[in-house]
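Survey of secondary and tertiary structure
Residue-level listing of the chains:
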Amino acid sequence: MNALGDRFAPEFVWGVATSSYQIEGATTEDGRGPSIWDVFAARPGRTHRGHDGAVAVDHYHRWRQDVALIDQLGLDAYRFSIAWPRIQPEGAGAVEPRGLAFYDRLVDGLLEVGIEPWPTLFHWDLPQALEDAGGWPRRETAERFADYAEIVVDALGDRVRHWTTLNEPWCAAFLGYGSGVHAPGRTEPAAALAASHHLHLAHGLALERIRARRPDVEVGVTLNLYAVSPADDTGRHDDAVRRIDGLMNRWFLDPILLGRYPQDVLDDVAGVGGTDVIGDEDLTVIGAPVDFLGVNYYTRHVVAAGPWPGSAEVEFVSRDWPKTASGWDIDPEGLGEVLARVRRDYPPVPIYITENGAAFDDVLGVDGRVRDDDRIDFLRRHLTVLADAIEDGVDVRGYFAWSLLDNFEWAEGYRKRFGIVYVDFETLERTPKDSAHWFGALARQTAKERR
Ligand code: IFM
């Protein structure tokens, strides 16, 4: 392990990540309004066994304990998200001071022990009032997001140096409005495309407003990027790779880093509708340079052309590879490929790995230990690939493990444990897993000059 730690510079940022709806609970406290996830989870059959975030892991009340855990691990930074419905219960207009006060305390609590706060402004918990008015497929939602961003940055921007506008807009748009497996559960392909554009616009408008209010802070956006490869090397599946890479990666990277949508994807989706909401001037806003790109990496997609030659159908191929408890292939090399392509195809941009991690079927032993060697192996292998990428010249400045705590894994409810800290969902007691001790030791070794 020492050798791995030595491969990262002393200023490399080591952190853990969470998100508001997945951990906070207290969904009706202190004036918080309903979010699309409260409403979605209450609908029959939408989440595993009807699980929801009403209590989650009670971080809203136990945040001091959670900050102490991060501190004990010796980490540098904590990436969390701010619940828009706590700040503006109706998604617009009136501000709820008790909501702002919660994050104000959290930021101060982190800074008191030398942990840098890395808030994300949107990690999927859209105020339900905005969904009732049309949601992300509607342009006004992007404008409301910029107002909200300004409110939060005015309140916390004197202490927070790194701001992330959005987490994984692909999921919010395509799982929320396309496949419908995430809130708000709509299955309207044109709306999904319109939503993706308005999420991009929301990012761009917020970036503009944050810069105007606080030119001294750094602003970025987090994308979930995938390695994509063909089922075999006959060339028959290359177009399937192009399509999936186009929709999952380039549809998001290109507007943000190049200021344009990929023409081949625009052609692919021409018959779907939804892209008529894209205005030329929008792309100038969306493509304004970011201070950093957040990359979330979990797995690779292997794809094949459908059975009908010339059709747009694509099949996702399951390989006989070791998998996480989510059924995702464990493919650390894919992280290297993703980073190499960002460097090859886009203008230089500092990168932070804002999420990487895995669900495994962890067991709390009678001796109080969680022996999650599988997770340690996962982290070690991904960090080894990351160190290689940095040595090859990719500008990666930090790594946030997903997640600090076992939590509400969206439609999967509480049955997928991603934490490096185990949570007993009955008692809400926290127990650092072996992986937490391993990760903390690695971070402390690298960062020994600072903490
Ligand atoms: O839990 C999620 C997180 O909210 C966004 N990125 C992927 C994680 C694991 O599925």
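A brief report on the enclosed structure follows. These numbers come from a predicted model, not from an experiment.

Attention now moves to the overall build of the chain. Broken down by element type, the chain carries 16 helices and 13 strands. Against the compact-globule benchmark of 22 Å for 451 residues, the chain has a radius of gyration of 21 Å, which places it among compact chains. A buried classification covers 60% of the 451 residues belonging to the chain. In the chain, once contacts between residues fewer than 6 apart in sequence are set aside, the share between residues at least 24 apart is 77%. Here the chain has roughly 16,800 Å² of accessible surface; of this, 51% comes from carbon and sulfur atoms. Each charge class in the chain can be summarised by its mean position, and for the 47 positive and 73 negative side chains these summaries are 2 Å apart.

Quick look at the site of the ligand now. The environment of the ligand is made up of Gln22, His123, Trp124, Asn167, Glu168, Tyr298, Trp328, Glu355, Trp402, Glu409, Trp410 and Phe418. Separating a nitrogen atom of the ligand from a side-chain N or O atom of glutamate 168 is a distance of 2.8 Å. With respect to the ligand, the side chain of glutamate 355 contributes an N or O atom lying 2.5 Å from a nitrogen atom. Here the ligand has 280 Å² of accessible area as a free molecule, and 95% of this is covered by the chains. According to the grid-proximity analysis, the pocket containing the ligand is the largest pocket. Across the shell around the ligand, the residue classes break down as six nonpolar, three polar and three charged.

Sheets are built from strands paired through backbone hydrogen bonds, the pairs being either parallel or antiparallel. Strands sit in the order E6-E8-E9 across an open sheet of three strands; the sheet is mixed. The open sheet is flanked by strand E6 (227–230) and strand E9 (314–316), the only strands paired with a single partner. Adjacent strand axes in the sheet meet at a mean angle of 35°, parallel and antiparallel pairs treated alike. Where E6 and strand E8 (residues 300–305) come together, four bridges link them in parallel fashion. For proline 230, the partnering residue across the bridge sits in E8 and is valine 303. Across the sheet, helix H11 (residues 238–258) touches E6, E8 and E9, and the angle it forms with E6 is around 165°.

Over the atoms rolls a probe the size of a water molecule, and its path tells where empty space is left. Taken as a whole, the largest pocket spans an internal volume of roughly 790 Å³. Sorting the residues of the lining of the largest pocket by element identifies helix H9 (169–179) and E8 as the ones contributing at least two each. A breakdown of the residues in the lining of the largest pocket according to their chemical character gives 16 nonpolar, ten polar and nine charged. Its volume calculated, the second largest pocket comes out at about 500 Å³. In this structure, the second largest pocket is lined by 20 residues; those nearest its centre are Phe174, Arg243, Ile244, Leu247 and Val269.

Bringing the packing of aromatic side chains into the picture now. When we look at a pair of aromatic rings, we describe it by the centre distance and by the angle of the planes. By the definition in use, this model includes 36 aromatic pairs. Here the aromatic residues Tyr21, Trp37, Phe40, Trp124, Phe408, Trp410, Tyr414 and Phe425 are joined through ring pairs into a cluster of three or more.

In this section: the environment of threonine 165. Within the secondary structure, threonine 165 is located in strand E4 (residues 162–167). Residue classification places threonine 165 among the buried residues on the basis of a relative accessible area of 0%. For the pair formed by threonine 165 and arginine 49, sequence separation is 116 residues and the distance between their alpha carbons is 32 Å. Excluding residues that lie within four positions of it along the chain, threonine 165 makes contacts with Thr120, Leu121, Phe122, Phe145, His203, Ala206, Val219, Gly220 and Val221.

Most of strand E2 (residues 77–81) sits out of view: five of its five residues are buried. The pairing of strand E1 (residues 13–17) with E2 spans three bridges and is classified as parallel. Opposite valine 16, over in E2, you have tyrosine 78 as the bridge partner. Relative to strand E3 (residues 116–122), E2 runs parallel, the two being bridged by five bridges. By the bridge assignment for E3, phenylalanine 80 is matched with proline 119.

Considering the arrangement of structural elements, one finds threonine 324 in the loop between E9 and helix H14 (332–345). A relative accessible area of 9% places threonine 324 in the buried class. Excluding anything up to four places from it in sequence, threonine 324 contacts Ile330, Ala358, Ala359, Phe360 and Phe378.

This part takes up H14. With 14 residues, H14 should reach 20 Å at 1.5 Å per residue; the first-to-last C-alpha distance of 21 Å fits that figure. Within the sequence span of H14, burial applies to Pro332, Gly334, Leu335, Gly336, Val338, Leu339, Arg341 and Val342.

Moving on, we come to empty space enclosed by the protein. The final tally for this structure, using the stated rule, is two cavities of 30 Å³ or more. If you add up the space inside the largest cavity, you get close to 60 Å³. Counting only elements with at least two residues in the lining of the largest cavity, the list comes to helix H3 (36–41) and H9. If you tally residues by element for the lining of the largest cavity, the top one is H9, at four residues. Looking at side-chain class alone, the lining of the largest cavity contains ten nonpolar, two polar and no charged residues. There is about 30 Å³ of room inside the second largest cavity. Around the second largest cavity, the lining residues are Ser20, Tyr21, Glu24, Gly25, Thr27, Arg32, Ala83, Arg86 and Asp125. Here the residues of the lining of the second largest cavity sort into two nonpolar, three polar and four charged.

Cut-off values and rules
Residues numbered from 1 in each chain as written. Predicted model: local features only at pLDDT ≥ 70, side-chain atom pairs only at ≥ 80, totals over all residues. Heavy atoms only, no water. Helix = DSSP H or I, 4+ residues; strand = E, 2+ residues; numbered from the N terminus. Rg over C-alpha atoms; globule rule 2.2 N^0.38 Å. Buried < 20%, exposed > 50% of the residue type's maximum accessible area, 1.4 Å probe, protein only. Contact = heavy atoms within 4.5 Å. Areas by Shrake-Rupley, 256 points an atom, 1.4 Å probe, with all protein chains shown as cover. Lys, Arg positive; Asp, Glu negative; His and termini not counted. Charge placed at Lys NZ, Arg CZ, Asp CG, Glu CD. Near = heavy atom within 4 Å. Polar contact = N/O pair within 3.5 Å; in protein donor to acceptor, adjacent residues only side chain to side chain. 1 Å grid on protein atoms, 1.4 Å probe; cavity = no way out; pocket = protein on both sides within 12 Å on 5 of 7 lines; lining within 4 Å. Sits in = over half its atoms within 2 Å of the grid points. Nonpolar A, V, L, I, M, F, W, Y, C, P; charged D, E, K, R; others polar. Pairing = 2+ DSSP bridges. Axes fitted to C-alpha atoms, helices over the stretch in contact; angles between N-to-C directions. Points joined across faces, edges and corners; volume = space filled by probe spheres on them. Phe/Tyr/Trp six-rings, centres within 6.5 Å; stacked < 30°, edge-to-face > 60°. Expected span 1.5 Å × (residues − 1).

So far we have only geometry, and geometry alone does not tell us how the molecule works.
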